[in-house]
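Take a look at the letters that make up each chain.
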Amino acid sequence: MRALIAGTGGYLPARSVSNDELAAWKGLDTTDSWIAERTGIRCRHIAAEGETASDLGARAALAALAQAGAGVEEVDAILVATSTPDSAFPATAVRIQGKLGITRGFGFDLAAACTGFVYALGVADALIRTGQARGVLVIGTEVYSRILDWTDRGTCVLFGDGAGAVFLRGVAAEHAGGRGLLSSHLHADGRFGDILHVDGGAGSNGGTGVVRMAGREVFKHAVTKLAAAVDEALAANGLGHADIGWLVPHQANLRIIEAMGKKLHLPLERVVVTVDRHANTSAASIPLALAEATRDGRIQRGDLVVMEAIGGGLTWGATLARF
Ligand code: ACO
């Protein structure tokens, strides 16, 4: 079996907040130029009071199903990548299942921070290849605004809220025409757990933990580890840099994204960038970018798309898909 990306969807909370608005709102000693020059971020969306990860994720999932022309009866499994679940349990995936009115199949959450969506794609691909599910919703949904220290200007300006989803449909390999998820390459190294972590329990219903980050340390690991994961994925499929149609990277920082483009010999026009408008939405950033680039016609059927991410754990990885 092959897992085809049959539909993509995204959802952003209504409120978009520019760097200047954020500084005034939260009383931060920062400027639009400091944030934009170092990160490329100009604004981010912030969830409304009471709006949780499952609310955002359910909307993104519906958009993905609509693009796939799939009804909820096709959904066998729901995988949610999130660091901001509604609560410790039930899983946000099962909350979303309830919101979509699905009463069969199964769902669970997966915690790999910003790498969560890449991890979840790998797991969903395995479920489909082994025949355990045929229709799988893979959702990244985050309400980071609830786990930020709004007095720490070094972290709180970097993140935003949002959700993205894909609907994967299993088809027999001989009917896939080379399309679908090709392979996922997942990595973790717990020695670096403290350079990016949440210092306590948290969830989008409330909670006490906040994001702590040693930004320069994270930066040092990012480009090397991401480039190695992408090269590993290409080599595993007998492909090279010249075969890449689109790079859809995790959207943490424009400087990391540009450096990745250079490493892969891709012009910036072949890289999907949303960090300027969404900031870092962690596990939601790749599916949000996919939703944008499939809707505006950049990603076309047959294109080879590289997805890569690094995040807390440290976790990192890359997935290749032929659309
Ligand atoms: N506005 C103004 N000044 C600030 C701000 C701010 N928002 N934040 C920090 N500063 C100040 C610091 O206080 C410090 O001042 P000092 O020199 O007087 O002590 C100065 O700016 C430099 O601080 P650094 O933290 O060293 O800034 P740096 O140049 O490293 O940039 C950044 C910080 C943008 C986070 C950078 O380290 C980076 O890009 N890291 C990559 C990690 C990343 O993108 N993380 C996102 C989440 S992780 C992920 O998704 C992979």
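Our subject is the structure listed above.
The structure displayed is predicted, hence computed values, not measured ones.

Draft legend 1. Fine view of the packing of helix α7 (residues 215–236) against helix α8 (residues 254–263). Packing of α7 against α8 brings their axes to within 10 Å, and their N-to-C directions diverge by 35°. As for how α7 packs across α8, the hand of that crossing is right-handed. Facing Phe-219, Ala-222, Val-223, Leu-226, Ala-227 and Val-230 of α7, the residues of α8 in contact are Arg-255, Ile-256, Ala-259, Met-260 and Lys-263. The class makeup of the residues in the contact of α7 with α8 is nine nonpolar, no polar and two charged.

Draft legend 2. Structural view of the packing of helix α3 (residues 53–68) against helix α4 (residues 92–99). For the pair α3 and α4, the least separation of the axes is 9 Å and the interaxial angle reads 55°. Looking at the two axes, α3 sits oblique to α4. Note on packing geometry: the crossing formed by α3 with α4 is right-handed. On the side of α3, the interface is formed by Ala-53, Ser-54, Asp-55, Gly-57 and Ala-58, while α4 contributes Thr-92, Arg-95, Ile-96 and Lys-99. Along the lines of polarity and charge, the residues of the contact of α3 with α4 split into three nonpolar, three polar and three charged.

Draft legend 3. Looking closely at the layout of surface pockets. Of the voids in this model, the largest pocket is the one considered here, and its volume is about 920 Å³. Leu-158, Phe-159, Leu-196, Met-213 and Val-218 are the residues nearest the centre of the largest pocket, which is lined by 45 residues in total. At the level of elements, α2 (32–39), β5 (106–110), β9 (196–198), β12 (211–213), α7, α8 and β14 (304–311) are the ones that each hand at least two residues to the lining of the largest pocket. For the lining of the largest pocket, the element with the most residues is α7, which contributes six residues. When the residues that make up the lining of the largest pocket are grouped by side-chain class, the tally is 25 nonpolar, 14 polar and six charged. Approximately 210 Å³ is the volume found for the second largest pocket. Surrounding the second largest pocket, 13 residues form its lining, Ile-5, Ala-6, Arg-179, Arg-301 and Phe-323 being those nearest its centre. In terms of residue count, the dominant contributor to the lining of the second largest pocket is strand β1 (residues 2–11) (five residues). Partitioning the lining of the second largest pocket into residue classes produces five nonpolar, five polar and three charged.

Thresholds applied
Residues numbered from 1 in each chain as written. Predicted model: local features only at pLDDT ≥ 70, side-chain atom pairs only at ≥ 80, totals over all residues. Heavy atoms only, no water. Axes fitted to C-alpha atoms, helices over the stretch in contact; angles between N-to-C directions. Helix = DSSP H or I, 4+ residues; strand = E, 2+ residues; numbered from the N terminus. Left-handed = near helix turned anticlockwise from the far one by under 90°. Contact = heavy atoms within 4.5 Å. Nonpolar A, V, L, I, M, F, W, Y, C, P; charged D, E, K, R; others polar. Parallel < 35°, antiparallel > 145°, perpendicular 65-115°, else oblique. 1 Å grid on protein atoms, 1.4 Å probe; cavity = no way out; pocket = protein on both sides within 12 Å on 5 of 7 lines; lining within 4 Å. Points joined across faces, edges and corners; volume = space filled by probe spheres on them.

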